[in-house]
2 protein chains.
Amino acid sequence: MTSSATPRERLLDAAGELFYRDGVNIGVDALCKAAGVSKKSMYQLFRSKDELIAESLASRGPAYQTLLHPDASDDRPARDRILTVFERQDAVVAEGNFLGCPYVSTAVELKNPEHPGSVVARHFKQQLTDFFHRELVKAGADDPGTLAIQLTMVFDGASARAVVRAQPLAGLGVSTAAALMDAAGVRSGELASQLG
Amino acid sequence: MTSSATPRERLLDAAGELFYRDGVNIGVDALCKAAGVSKKSMYQLFRSKDELIAESLASRGPAYQTLLHPDASDDRPARDRILTVFERQDAVVAEGNFLGCPYVSTAVELKNPEHPGSVVARHFKQQLTDFFHRELVKAGADDPGTLAIQLTMVFDGASARAVVRAQPLAGLGVSTAAALMDAAGVRSGELASQLG
DNA sequence: CGAACAGTAAACCGATCGGTTTCCATAAGC
DNA sequence: GCTTATGGAAACCGATCGGTTTACTGTTCG
C-alpha cells in the first residue's frame, strides 16, 4: 500500500527507486503516479525536480550505509570490517539488476558538479572514505588518508565493472582491497605497524 | 567549418561530443543542428538515435586508445607502459571538464546492458583490460588475468572519483596501480618472476 | 539543357517534458 | 453545521521528445 506513509515519504521512496532504475530523466508525472501523490503536492513539498533528486539521494544515505558498513557491534579487526564492505558490494551485485552506485550514477547523469544532487553524491562518497579512514587509523596504517581513498577507488571501480556487465565481480573487489592493505602493511593481526 | 567532412562524419563527431557533454538524453534536433545535418539525412544514415549512440561511441575508440595507450614504439618495461595509461588519465582529468570515462558514463545512462551502446562500452572496456593483460604477460606476471582486471577497476575507480569531483586525482590512480603491481611482483626490472 | 541525386530547412506527428492551476473530495477543528 | 486545510485528479502551459515528410537548393552526370 502506498497510503500508509506520508506523501513526502512516498515521494522520496519512489524517487529513490525510479531515479535509480530509470535515470534522473524520468518524468515527474511517472514519479508522482508511482508514489500515489499529485503533482500539486509534489511541488509544494519540493521546490523543483532537482531538489527532489537531491533529497531522495540524501534520504537513501542511512539505509545505504547500513547495507554496506559492518555493525558497530562487530568487533573484528579493522581490516575485516573494511573487507566486509567489499563483500557486501559483491553480494549486492550478484543479486542482479545492479545499475551502479546510486551516488556515482546520479553524478554521472547530472553532469553538473554543482547540481544539488551532485553535492549530495560527493558527500556520501566522502562518508565511505571516512569510514575506511577511521578503520585504518584503528589498524595503525602508515598513511590512512591515501589508503582510504585508494579503497574508495577500488569500490567504485568494482561498481563500474559491474555496470558494464563485464562479468560477475567474483570477489575481485575484495581481493584487490586486501592486496592494497597487505601492501600497506595492514594485516589481519591489526596494529601491524605499531607492533612492528 | 562543419562542411569539410561528410554528413556522417560530422554527425559522429557532434554525437561523440554532445552525448558525452550533455548525456544521451540530448535531443536529435540539437544534435543535428550542431552537426549541420538535417534530421532527414540523419535518419537515412542511422536507423535510430540508439544506433547513432552506439556508432558514435565506437567511432571514438581509436582516438581514445591513442590518447591513453603508450605508443608501440615505446620500448620501456611493461610496468611503465601500464603506468602511462594512469598518468595520461590523470592529465585528462586535470584538464577539467572531465565527465567520466565515455564508455562507463554512457553505460550508466543507458541502464539497459543490451542497448547497442552498452555493448560497445563493454567491448572497449575489455580492450583496456586486454592491453593490461598483454603487458602483464610480457612482464611475466603470475596471474595476469586477475591483475589486468584489478588495474581496470583502479582505472574506473579513479574515473569515478574524478566525476564526483572528490578532489584532483593527484596521481592516486598511478600509485594505486603501482602498488598492485608491486604486490604481484611486477617490478620495474620486468620479468621479475621469471628471473627470480 | 535536363534528369537524377544528395542534402538542408522546416513543417508536422503524437507523446512527453517540468511546472502551474483549477476543481473536488475528504477530514479534522471549532 | 460550518470552516479550514490537506491532497488527489486532471486540465493546461509552452517547449521538447524521437521520428517522418514535404519542399526546395544545389551539384553532378549524360
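Residues numbered from 1 in each chain as written. Chains lettered and ligands numbered in written order. Predicted model: local features only at pLDDT ≥ 70, side-chain atom pairs only at ≥ 80, totals over all residues.

Here we look at the environment of Lys125(B)
- By the element assignment, Lys125(B) lies in helix H7 (residues 116–138).
- Look at Lys125(B) and you get buried, because 23 C-beta atoms sit within 10 Å.
- Taking C-alpha positions, Lys125(B) is 18 Å from Val93(B), a pair spaced 32 residues apart along the chain.
- Residues contacting Lys125(B), with those up to four places away along its chain left out, are Val164(A), Ala166(A), Tyr103(B) and Thr152(B). (Helix = DSSP H or I, 4+ residues; strand = E, 2+ residues; numbered from the N terminus. Buried ≥ 20, exposed ≤ 12 C-beta atoms within 10 Å, placed from the backbone. Contact = placed C-beta atoms within 7 Å.)

Description of the protein's contact with DNA strand C
- Looking at DNA strand C, there are 18 residues lining it, with Gly27(A), Lys40(A), Lys49(A), Ser38(B) and Ser41(B) nearest.
- Mapped by element, the contributors of at least two residues to the surface near DNA strand C are helix H2 (28–35) and helix H3 (39–45) of chain A together with helix H3 (39–45) of chain B. (Near = placed C-beta within 6 Å.)

Details of the interface of chain A and chain B
- Facing 37 residues of chain A, the contacting portion of chain B comprises 37 residues.
- Listing elements by their share of the side of chain A that touches chain B, those giving two or more residues are helix H6 (102–110), helix H7 (116–138), helix H8 (144–163) and helix H9 (172–183) of chain A.
- Tallying contributions element by element places H8(A) first for the side of chain A that touches chain B, with 12 residues.
- In the side of chain A that touches chain B, the residues fall into 19 nonpolar, nine polar and nine charged. (Nonpolar A, V, L, I, M, F, W, Y, C, P; charged D, E, K, R; others polar.)

Side note on the protein's contact with DNA strand D
- Contacts to DNA strand D come from 17 residues, most closely from Ser38(A), Ser41(A), Gly27(B), Lys40(B) and Lys49(B).
- Broken down by secondary-structure element, the contributors of at least two residues to the surface near DNA strand D are H3 of chain A together with helix H2 (28–35) and H3 of chain B.
- Here the surface near DNA strand D is composed, by residue class, of six nonpolar, five polar and six charged.

Focus: the domain arrangement of chain A
All names here are of chain A.
- We note that the domain assignment places domain 1 (1–46) and domain 2 (60–195) within chain A.
- Measuring from the centre of the C-alpha atoms in domain 1 to the corresponding centre in domain 2 gives 29 Å.
- Taken together, the six residues of domain 1 in the interface contact six residues of domain 2.
- By residue class, the composition of the side of domain 1 that touches domain 2 is three nonpolar, two polar and one charged. (Domains from an automatic or database assignment.)

Description of the relation of the copies chain A and chain B
- Mapping chain A onto chain B leaves a residual RMSD of 0.0 Å; the transformation is a rotation of 180° accompanied by 0.0 Å of translation along its axis. Here the two chains are linked by the operation of a two-fold rotation axis. Scanning chain A for the C-alpha nearest the rotation axis identifies Gly157(A), at a separation of 1.9 Å.
- An overlap of 100% is found between the interface residues of chain A and their copies at the interface of chain B, pointing to a shared contact surface. (Least-squares fit on C-alpha atoms with pLDDT ≥ 70 in both.)

Regarding H2(A)
Residues and elements named next belong to chain A.
- When H2 is considered as a whole, its buried residues turn out to be Leu 31, Cys 32 and Ala 35. Each buried residue of H2 lies within a common arc of 95° when the element is viewed along its axis, so the set occupies one face. Residues of H2 that are exposed and angled more than 90 degrees away from the buried face: Asp 29 and Ala 30.
- At the C-terminal side of H2, Gly 36 shows a positive phi close to 65°. (Arc of directions from axis to C-beta.)

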